[in-house]
Amino acid sequence: MTQPVFAEMFALAQCVPGPSSTQLAYGIGIIKKGVAGGMLSGFLFQFPGLLLMSLVGVGVAEFLKAPSPALRCAVAGLGAAGVALVAQSAVALTRGVCKDNVGLLLAATTATITFYVVRIWLFPLLIALGGIVTLIQLRKRDMASTAADAHVERFGLNRWAGLGVVGVWLAVLVGTIVAGRLVPADTCLPLDWWRTFYLSGSYIFGGGQVVIPMLYDQTVTRDCAPPPPGGGLPTCVDAPTTWVTTADFYTGLAVVQAMPGPLFNFAPYLGAVAARRAGVHPLVGIAVGWVGLNAPGILLYYGLLPWWGAVRHANVYRRALPGLNAAAVGLVTAAALTLTIALRSQSPFPDATIAIGMVVYTATGVLRVPVPAAVVGGGVLGVVAWAAKMH
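Throughout, a residue's number is its position along its own chain's written sequence, starting from 1. Reporting in this predicted model follows two pLDDT cut-offs: at least 70 for local features of residues, and 80 or more for side-chain atom pairs to be given and counted; totals over whole chains, interfaces and linings ignore these cut-offs and use all residues. The basis for every side-chain value is the complete set of heavy atoms in the structure, and neither hydrogens nor water enter the calculation.

A few points about the overall build of the protein
Rule in force here: The secondary structure listing takes helices from DSSP runs of H or I that are at least 4 residues long and strands from runs of E that are at least 2 residues long, numbered from the N terminus. Burial here depends on accessible area, computed with a 1.4 Å probe over protein chains only, as a share of the maximum for the residue type. Under 20% is buried, over 50% is exposed, and the range in between is partly exposed. Between two residues, a contact is recorded if the distance between any of their heavy atoms is within 4.5 Å. Here, Shrake-Rupley sampling with a 1.4 Å probe gives the accessible areas, and only protein chains in the shown set may cover a residue.
On a plain count of helices and strands, the protein comes out with 14 helices and two strands. Among the 391 residues that make up the protein, the fraction classed as buried is 49%. Taking all contacts inside the protein whose residues are at least 6 apart in sequence as the whole, residues at least 24 apart take part in 77%. Only carbon and sulfur atoms are counted for the fraction: they give 70% of the accessible area of the protein, which is about 17,500 Å².

Right under this line is the structure:
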């Protein structure tokens, strides 16, 4: 595969809801060996992390039910490491995608708006607006691609079959929304889980770093007391009805980033933990979480790839591409900020947690420490902070 084709496929994944790296893995198989090749390459890319995170999820739900103070602080350190890696992804993507001041401005604007206003429908709207901005900016530039190294022989399905696959995604989406309206919440937890994961997978742009805060809002329920009269943060505790505890969530966030595979493998972990807490067989939660979060993006990528083949050389598409990507990067930046604030509010040592995150960020981003070692180091620093009674 040539570099221009790889870059285009990555950009397409950024413009389609779902897990960007997973979609790219499926796409590589598709253009080399067709539909079956895509299924094989995509599944092999996901399977190791899926298996490992499922096993971790089955064990963590019981392990963290009544954690000791040292364990709770180790979990806070792991969470700080996980958030630091999300922040590092945001910085790396900004440097790689935003090539001029317009791109930087689009990323900053998207990050600011989505940090302040959390609405699912807002994500695709801002990405589309980013594309419109660079479409206008580059309107006089000829950006049509006719290079020989951009040639692709296979696009998987034909266009009409691809349209049918998109129709399947849409039918399941509508059915999920209707079922959610007809069936009261909490009467069928697997259906509630499916609705959360499938809608998140259908609406989110920008990959795993962006979906993390959405999953936090959907799976973690907290009861918060009013802030103290003199100011400060409100005191919050996990609600009895929460699907996943805060400690469960941040532990999984750290572990999934030290595992092979995409961040969307966080879903089977969350499904397993939620199922164990609800007394449901863990395999149900794993299947609902993994299929629900991944299926929308995979269906859409299969369905839209042949249509991408028809428009990929067009000036309009290529002019809009820088803005689409820059706006998607802004979503990752907002995700890093949201997770940092949420982590600090629930940590037993808020200031030390931020410091641990800074250490992990420097270790992986500057000193090139391997991610698994940095994540373990974050947990160790959490225990050190507890032993030293840091704040």
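More follows now that the structure is in view.
Brief notes about the nonpolar core
Basically, it comes down to this: Each nonpolar core is a collection of buried residues, namely Ala, Val, Leu, Ile, Met, Phe, Trp, Tyr and Cys, held together in the definition by side-chain atoms within 4.5 Å.
With 84 residues, the main nonpolar core has Phe 197, Leu 215, Phe 249, Tyr 250, Phe 266 and Leu 270 as its most contacted residues. Contact partners of Phe 249, with chain neighbours within four places excluded, come to Ile 212, Leu 215, Tyr 216, Thr 219, Val 220, Val 244, Phe 266 and Leu 270. Within the second largest apolar cluster, five residues are counted, among which are Cys 98, Ala 107, Ala 326 and Val 329.

A word on the pattern of salt bridges
Just so we agree on the cut-off: The working definition used for a salt bridge is a side-chain nitrogen of Lys or Arg within 4 Å of a carboxyl oxygen of Asp or Glu.
Under the criterion given, the structure shown has one salt bridge. As a salt-bridge pair, Asp 192 and Arg 195 come within 2.9 Å of each other at their nearest N and O atoms. Here Arg 195 and Asp 192 lie together in helix 7 (residues 189-203), a separation of three residues that amounts to about one turn. The same class applies to Asp 192 and to Arg 195, which are both buried.

Focus: helix 4 (residues 101-116)
Applied cut-off: In this analysis, the expected span of each helix is defined as 1.5 Å times one less than the number of residues it contains. Two N or O atoms form a polar contact when they lie within 3.5 Å of each other; inside protein one atom must be a possible hydrogen donor and the other a possible acceptor, and for residues adjacent in sequence the pair counts only when both atoms belong to side chains.
The end-to-end C-alpha separation of helix 4 is 23 Å, in line with the 22 Å expected for 16 residues at 1.5 Å each. Where helix 4 is buried, its residues touch helix 5 (122-137) and helix 12 (315-346). If you check the start of helix 4, you find a side-chain oxygen 3.3 Å away from the backbone N of Val 102, and it comes from Asp 100.

Describing the packing of aromatic side chains
The test is simple: Classification of ring pairs uses Phe, Tyr and Trp, with its six-membered ring standing for Trp, and accepts pairs whose centres are within 6.5 Å; under 30 degrees between planes counts as stacked, over 60 as edge-to-face, and the remaining range as tilted.
The final tally for this structure, using the stated rule, is eight aromatic pairs. Between Phe 43 and Trp 290 the ring centres are 6.4 Å apart and the planes differ by 80°, which places this aromatic pair in the edge-to-face class. Separated by 247 residues along the polypeptide, Phe 43 in helix 2 (residues 20-63) and Trp 290 in helix 11 (residues 282-311) bring together distant segments of the chain. The class for Phe 43 is partly exposed, based on a relative accessible area of 35%. Geometrically, the ring pair formed by Trp 160 and Trp 307 is edge-to-face, given 5.8 Å between the ring centres and 90° between the ring planes. Of the two residues, Trp 160 sits in helix 6 (residues 159-182) while Trp 307 sits in helix 11, which places them 147 residues apart along the sequence. Take Trp 160: its relative accessible area is 65%, and that puts it in the exposed class. An aromatic cluster is built from Tyr 216, Phe 249, Phe 266 and Tyr 269, whose rings are joined through pairwise contacts.

Observations regarding the confidence of the model for the protein
Reading fine detail from the predicted coordinates is not recommended where pLDDT is low. Put simply, the rule reads: By definition, pLDDT measures how confident the predictor is in each residue, and it falls between 0 and 100.
Mean pLDDT over the protein stands at 82; residues scoring 70 or higher make up 90%. When mean pLDDT is taken per element in the protein, helix 6 scores highest with 91 and helix 1 (residues 3-15) scores lowest with 71.

A closer look at the environment of Val 237
Its location among the elements puts Val 237 in strand 2 (residues 236-238). Its relative accessible area of 48% is what places Val 237 among the partly exposed residues. Between the C-alpha atoms of Val 237 and Gln 346, which are 109 residues apart in sequence, the distance is 7.9 Å. Discounting residues that sit within four places of it in the chain, Val 237 has contacts with Thr 221, Arg 222 and Asp 223.

Concerning the environment of Ile 28
Take Ile 28: it is sitting in helix 2. Among the residues examined, Ile 28 registers a relative accessible area of 32% and is labelled partly exposed. C-alpha of Ile 28 to C-alpha of Gly 38: the two residues are 10 residues apart in sequence and 6.7 Å apart in space. If near-sequence neighbours (up to four positions away) are discounted, Ile 28 is found in contact with Met 1, Phe 6 and Met 9.

A short note on a nonpolar patch on the surface
The line we're drawing: Only residues above 30% relative accessible area that lack a salt bridge enter a patch, with like-charged residues linked at up to 9 Å and the nonpolar side chains Val, Leu, Ile, Met, Phe, Trp and Tyr linked at up to 5 Å.
Taken together, the side chains of Leu 40, Phe 43, Leu 44, Phe 47, Leu 51 and Leu 55 present a nonpolar region at the surface, about 580 Å² in accessible area. In this fold, Leu 40 is placed in helix 2.

A short note on the packing of helix 7 against helix 11
As a reminder, the rule being used: In this analysis, axes come from line fits to C-alpha atoms, helices being fitted only over the stretch in contact, and the angle between any two N-to-C directions falls in the range 0 to 180 degrees. Angles below 35 degrees are treated as roughly parallel, those above 145 as roughly antiparallel, those between 65 and 115 as roughly perpendicular, and all remaining angles as oblique. For any helix crossing, the convention is left-handed if the near helix is rotated counterclockwise from the far helix by under a right angle, and right-handed if that rotation is clockwise. In the scheme used here, Gly and all other residues not listed as nonpolar or charged are polar, with Ala, Val, Leu, Ile, Met, Phe, Trp, Tyr, Cys and Pro taken as nonpolar and Asp, Glu, Lys and Arg as charged.
One way to put it is that helix 7 packs onto helix 11 with a least axis distance of 8 Å and a crossing angle of 25°. When the interaxial angle is binned, helix 7 and helix 11 end up roughly parallel. At the point where helix 7 passes helix 11, the crossing takes the right-handed sense. Side by side, helix 7 and helix 11 meet where Pro 190, Trp 193, Trp 194, Phe 197, Tyr 198, Ser 200, Gly 201 and Ser 202 of the first sit next to Val 284, Gly 285, Val 288, Gly 289, Val 291, Gly 292, Leu 293, Pro 296, Gly 297 and Leu 299 of the second. Class assignment of the residues belonging to the contact of helix 7 with helix 11 gives a composition of 11 nonpolar, seven polar and no charged.

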